[in-house]
Amino acid sequence: MWRISVQSVRHYWALFVGTFVALALGVALIGVSAAALAATWSVPAPAADLPSVTLTDGTGKARTLSGGALDMGGVQSVLAMAGVVSAFVTVFVIAGTCAFGIALRRRDMGLLRLVGAGGPQVRRMVLGESLAVAVPAALTGCLAAAVAAPAVLDALNGTGLSPVELHLGPVLWPLLFAAGSGLLIAVLGAYAASKRAARVRPTEALREADLDARTMTGGRAVSGAALLVGGAVMVVLAPGAGAEAATPLALFGTMALAVAATLLGPVYLPALLGLLSLPLRWADPVAGRMAAASLTTSRRRTASLVGPVLAITAVVGVFTTVLSTAGAATEADDRARTTAQLVVEPVGDGGLSAADLAALRADPRVAAVSAPAPLDVAVAGPIEVWKDQAAVADPASLTRTHRITVTEGKAGTLAPGTVAVSKEFADWYGRHAGSEVTYGIFGGRPVKATVAAVLDGGSAVPHLLLPAADAGGAAAAPERASVLLDPQAAGSAGAVAAELTRRLGPERVKVTESAHWFDHASTGQDRLNRLVLFVLTGPASLYALIAVASTLVMSYSRRGREVAGMRMIGVSTGQLRRTAVWETLGTTVAGVGIAAVLVSLGARSYRGALTVLGGEAPLSVPWALLAGLAGACAVVGVVVALVATGRLLRHAGVAAITSRQ
């Protein structure tokens, strides 16, 4: 059957070119993501010996951790998420194109069964076709990844997401991983489609329409229902799961719902598109009616065209909205919790000096100053030892400059041998007021301290607050200080900020009103968020646009007789072109609309898990990005549809029919 598979690929090249392009681009995206991740793993450790500390966990096992190492976790998380998005879109598109290709060739499969081909032979032929396309596609994708990886790393270095400059290392293993992933995706997609092809009955294929015979198979219905239930359960559970657990629940729940909506598309899309096409029947009676009839009767084709638009819009929409909403909620909570009127920052590197902080506290207009000095520590738990964020800070001052609730204990000045912990730390690790915490400062010895207070203050409270006496001068200088003015000076905060800047020296510190500081900080955070979103969704969005174009090419490759028949009954070329435009816009609007509903469900579910002092977490949606993606899908679809329709109109058979009229 291998020879028949190769001949089939050559003969139906227009059907397989979509799979080839989608798989090659998918392998390239996975390869670039894997190469970038490998570059982060190969970052050399600092040459000097790093300070370390040895702690004993609850099982009695001694564990040694080192401090001062580069934290590559942020950029690695972004790259890993980008790889997940790329892999999801690749699997989705490949599975859809394979199934669509089999649906378009249903009559051909029936003819093979008529001449004696058995079900296993048809299955082997489909798998052979998949390999005939997948092998060169994987090689092409690996070549593209090898060429693009250096440029991608240069661009990534320019974003500042990585703490050090990344250099491309050996790409053999990342490319082998990408090629293997691509081949596996292609074989699995073809295997699922081959089962459907092997069940084609000869008489059924000759008697029924190409696309509308058994559009909802048992496997498709069961898979769609299972994903629908699973996605709905995850979205429902997200609001009560807490911010950490709600993120994967909202993301993967929405992705599951998107796949379910695509699998179940033949059930509800005809009715939905029938409603959407009602205005077309009035605005363009001939072309609009033909487009509506095509969309509502060719259910499998319609579902295949809606699928890529729905998938990429839903995936990009939920990822960008969840990330934007998380940032907006953190900013809103910080603003609501800050009672200090001023923020003091150093002009250069090195943090605020002790002299600057003493001068601030000595000013008669200043009621309180909080300036946590960050410090990395190791903490011993029941079965493990982990790195955590700590700060040398005075809880009494912190509770004056910020709205912080003391849930347990008392927020007084910490005595040696005591610590204060955040509510999140207490909930995660079960350390409450009166409990004992064993921690270690890198380069020092283990410290056993008693929890004096549990503070609920959002991001304003580090996981652990340590007394200065136990830190031993290991903490870094404070990055900023929050200044609470007395009631008489609070009304003229701007003037006090200017006067403090002059007194302390504008070359040393910068004093800003809190509201202005938050505005500036949010602008910088927005820039970083846009960079992260671009890394996450940019390549996958481009890939999806190409997948939309490929699916349209596959669709129009088998519509020659349909176009010829419409020309025979007198439909003009202009009406045919408008029909193609209305069909494409209809599927695009349907895909974007369904994705918008799913993203709204996932985003609102995630927002329900976030807490903001005194109100509800804001829902932040990157409208410009999503509108641009939807518009790009529409433009690409319309252009490809018009080009494909023009090609069919220039076909020899259509030209011959036209010449007889």
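The structure under discussion appears in the preceding block.
Note that this is a predicted model, so its numbers are computed, not measured. (Residues numbered from 1 in each chain as written. Predicted model: local features only at pLDDT ≥ 70, side-chain atom pairs only at ≥ 80, totals over all residues. Heavy atoms only, no water.)

**Structural notes on the packing of aromatic side chains**
Argument step 1. Considering all chains together, one arrives at four aromatic pairs under this definition.
Argument step 2. Ring centres of W386 and Y429 lie 4.3 Å apart, and the angle between their planes is 20°; this geometry places the pair in the stacked category. With W386 in strand β6 (residues 385-392) and Y429 in helix α16 (residues 423-429), this pair connects stretches of sequence that are 43 residues apart.
Argument step 3. Assessed through its relative accessible area of 28%, Y429 is described here as partly exposed.
Argument step 4. A connected cluster of aromatic rings, assembled from ring pairs, spans W386, F425, W428 and Y429. (Phe/Tyr/Trp six-rings, centres within 6.5 Å; stacked < 30°, edge-to-face > 60°. Helix = DSSP H or I, 4+ residues; strand = E, 2+ residues; numbered from the N terminus. Buried < 20%, exposed > 50% of the residue type's maximum accessible area, 1.4 Å probe, protein only.)

**With respect to helix α19 (residues 493-504)**
Argument step 1. The end-to-end C-alpha distance of α19 is 16 Å, a good match for the 16 Å that 12 residues give at a rise of 1.5 Å each.
Argument step 2. Those residues of α19 that fall on the buried side of the exposure criterion are A493, V496, A497, L500, T501 and L504. On an axial view of α19, the arc spanned by its buried residues comes to 135°, and they lie on one face. α19 presents A495 and R502 as exposed residues on the side facing more than 90 degrees away from its buried surface.
Argument step 3. In the core, the buried residues of α19 are packed alongside β3 (342-346), α14 (354-362), β12 (481-485), α18 (487-490) and β13 (509-513).
Argument step 4. Just downstream of α19, G505 is the residue with a positive phi angle, here 105°. (Expected span 1.5 Å × (residues − 1). Arc of directions from axis to C-beta. Contact = heavy atoms within 4.5 Å.)

**So, the sheet that holds β13**
Argument step 1. Taking strand neighbours across the sheet as the criterion, the four strands line up as β4-β12-β3-β13 in an open arrangement whose pairing is antiparallel. Of all the strands in the sheet, the pair left with one neighbour each is β4 (366-370) and β13. Across the sheet, the mean angle from the axis of one strand to that of its neighbour is 25°, orientation sign disregarded.
Argument step 2. Looking at chain direction, β3 and β13 are connected through five bridges and run antiparallel. Looking at the pairing, V344 lines up with V511 of β13.
Argument step 3. Lying over the sheet, α14 contacts β3, β4, β12 and β13, oriented at roughly 150° with respect to β4. (Pairing = 2+ DSSP bridges. Axes fitted to C-alpha atoms, helices over the stretch in contact; angles between N-to-C directions.)

**Quick look at the pattern of salt bridges**
Between side chains of opposite charge, a pair can form when the charged atoms approach closely.
Argument step 1. One pass over the structure, following the stated rule, counts 13 salt bridges.
Argument step 2. For D363, the salt bridge goes to R365, with nearest N and O atoms at 3.0 Å.
Argument step 3. Since its relative accessible area comes to 2%, D363 is described here as buried.
Argument step 4. With relative accessibility at 22%, the residue R365 sits in the partly exposed group. (Salt bridge = Lys/Arg side-chain N within 4 Å of Asp/Glu carboxyl O.)

**Things to note about empty space enclosed by the protein**
Argument step 1. Going through the model one piece at a time under the given rule, you end up with five cavities of 30 Å³ or more.
Argument step 2. Computed from the structure, the second largest cavity encloses a volume of approximately 70 Å³.
Argument step 3. Looking at the second largest cavity, the residues that line it are Y556, R559, E562, V563, M566, L576, T579, A580, E583 and T645.
Argument step 4. Taken together, the elements giving at least two residues each to the lining of the second largest cavity come down to α21 (560-568) and α22 (573-607).
Argument step 5. Broken down by element, the residue count for the lining of the second largest cavity peaks at four residues, all from α22. (1 Å grid on protein atoms, 1.4 Å probe; cavity = no way out; pocket = protein on both sides within 12 Å on 5 of 7 lines; lining within 4 Å. Points joined across faces, edges and corners; volume = space filled by probe spheres on them.)

**Concerning the pairing of β6**
Argument step 1. Of all eight residues making up β6, six are buried, and the element is well covered by its neighbours.
Argument step 2. In this sheet, β6 lies alongside strand β5 (residues 373-380) in antiparallel orientation, the contact comprising eight bridges. Bridge pairing links D376 to Q389 in β6.
Argument step 3. Taking the residues that link successive antiparallel strands as the turn, the β5-β6 hairpin has four residues.
Argument step 4. Here three bridges tie β6 to strand β11 (residues 464-466), and the two strands are oriented parallel to one another. The partner of A391 across the bridge, within β11, is L465.

**Focus: helix α8 (residues 218-237)**
At 3.6 residues per turn, the α-helix brings residues three or four places apart onto the same side.
Argument step 1. Spanning 20 residues, α8 covers 29 Å between terminal C-alpha atoms, matching the ideal 28 Å at 1.5 Å per step.
Argument step 2. Those residues of α8 not exposed but buried are R220, G224, G231 and V235. One side of α8 carries all its buried residues, which in axial view fall inside an arc of 40°. Structural note: α8 exposes V222, V229, V236 and L237 on the side pointing more than 90 degrees away from its buried face.

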